[in-house]
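Chain residues, written in single-letter form:
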Amino acid sequence: MRDDGIDSGRRRVIQQLAIGAGGLLMFPLVASGHPVHQHLRDEVALGRADARAAALDYVPEFLDPHQLETLRVLAERIVPGSTRASSAPFIDQLLTVAAADAQRKFLQALGGFEQLAIGHAGAPWSALSEQQHTELLTLASTAKSGTPTDRTGPLRPARFTIRDHFEHLKGWIVGAYYSSEIGMRELGWTGGVAFPAVPGCAHPDGH
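Below you will find a few notes about this structure. (Residues numbered from 1 in each chain as written. Predicted model: local features only at pLDDT ≥ 70, side-chain atom pairs only at ≥ 80, totals over all residues. Heavy atoms only, no water.)

Section: the pattern of salt bridges
Evaluation of the coordinates by the stated rule reveals four salt bridges. Glu-69 is the salt-bridge partner of Arg-72, the closest N and O atoms lying 2.9 Å from each other. A residue pair is termed a helical-turn pair when its members lie 3 or 4 positions apart in one helix, as Arg-72 and Glu-69 do in helix α4 (residues 65-78) at three residues. Classification of Arg-72 as partly exposed rests on a relative accessible area of 31%. When the shortest N-O distance is used, the salt bridge between Glu-167 and Lys-170 registers 3.0 Å. In this pair, Glu-167 and Lys-170 are both assigned in helix α8 (residues 162-178), three residues apart and thus about one turn of the helix distant. The buried category is assigned to Lys-170, whose relative accessible area is 16%. (Salt bridge = Lys/Arg side-chain N within 4 Å of Asp/Glu carboxyl O. Helix = DSSP H or I, 4+ residues; strand = E, 2+ residues; numbered from the N terminus. Buried < 20%, exposed > 50% of the residue type's maximum accessible area, 1.4 Å probe, protein only.)

Structure, rendered in structure tokens:
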């Protein structure tokens, strides 16, 4: 792996975790098939994204300002501390180099929460109260998942529900937060000791 001179907090954490895992980074906090995994394994891209996301005057490159604010508020509600870890800008940076299908699925999921907020409260997600967020997140996280195929007949396209959108966004948010130095220290990482594998989420709800 070439060195581009970027030594970000996330890159340093990931490098030490990879050493502790014998060079193979394991990140069980997120479902194995989630697209965030490939980004967390790319040290150079990860370091660049982390460095850019840390800018105080950050300007989104993939999302528009409203979408970025929606993501920021949503991330903070799902994983408290995400704003301090610059999770939303970091995800925005990862999305700039993500595959077109991953970009499209992310926007569909984010749009699903905007529609949920407008449909239930008549206002965009970023304008709702913390109590309203909690109510809608409870609704989303306990809804039924869509059925991707019909085993009794011809295969049908996936019909994503708000539960699917919740799980998809949660994967990005959890990956962004717990790959940061703040998130890893929350799980017990000291900066001087590398885990043999990334530990599981310590929160009772599993985020």
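As for helix α5 (residues 87-96)
Burial analysis of α5 places nine of its 10 residues in the buried class, the great majority of the element. Within the sequence span of α5, burial applies to Ser-87, Ala-88, Pro-89, Phe-90, Ile-91, Asp-92, Gln-93, Leu-94 and Leu-95.

A look at the packing of aromatic side chains
Overall, the coordinates contain three aromatic pairs when judged by the stated rule. When the ring of Phe-106 is compared with that of Trp-172, the centres are 5.9 Å apart and the planes differ by 90°; the resulting orientation is edge-to-face. Of the two residues, Phe-106 is situated in helix α6 (residues 100-121) and Trp-172 in helix α8; the sequence distance between them amounts to 66 residues. A single burial state applies to Phe-106 and to Trp-172, both of which are buried. Plain terms: the ring middles of Phe-113 and Trp-125 are 5.5 Å apart, the flat faces sit at 90° to each other, and that makes the pair edge-to-face. (Phe/Tyr/Trp six-rings, centres within 6.5 Å; stacked < 30°, edge-to-face > 60°.)

Observations regarding unusual backbone geometry
Peptide bonds are, in most cases, trans, and in most cases residues other than glycine have a negative phi. At Ser-86, a residue that is not glycine, the phi angle is positive and equals roughly 55°. One can find Ser-86 in the loop between α4 and α5.

Topic: the environment of Thr-134
Its place among the elements puts Thr-134 in helix α7 (residues 130-142). Of the residues examined, Thr-134 reaches a relative accessible area of 44% and is grouped as partly exposed. The spacing of Thr-134 and Arg-77 is 57 residues in sequence and 7.6 Å in space, taken between C-alpha atoms.

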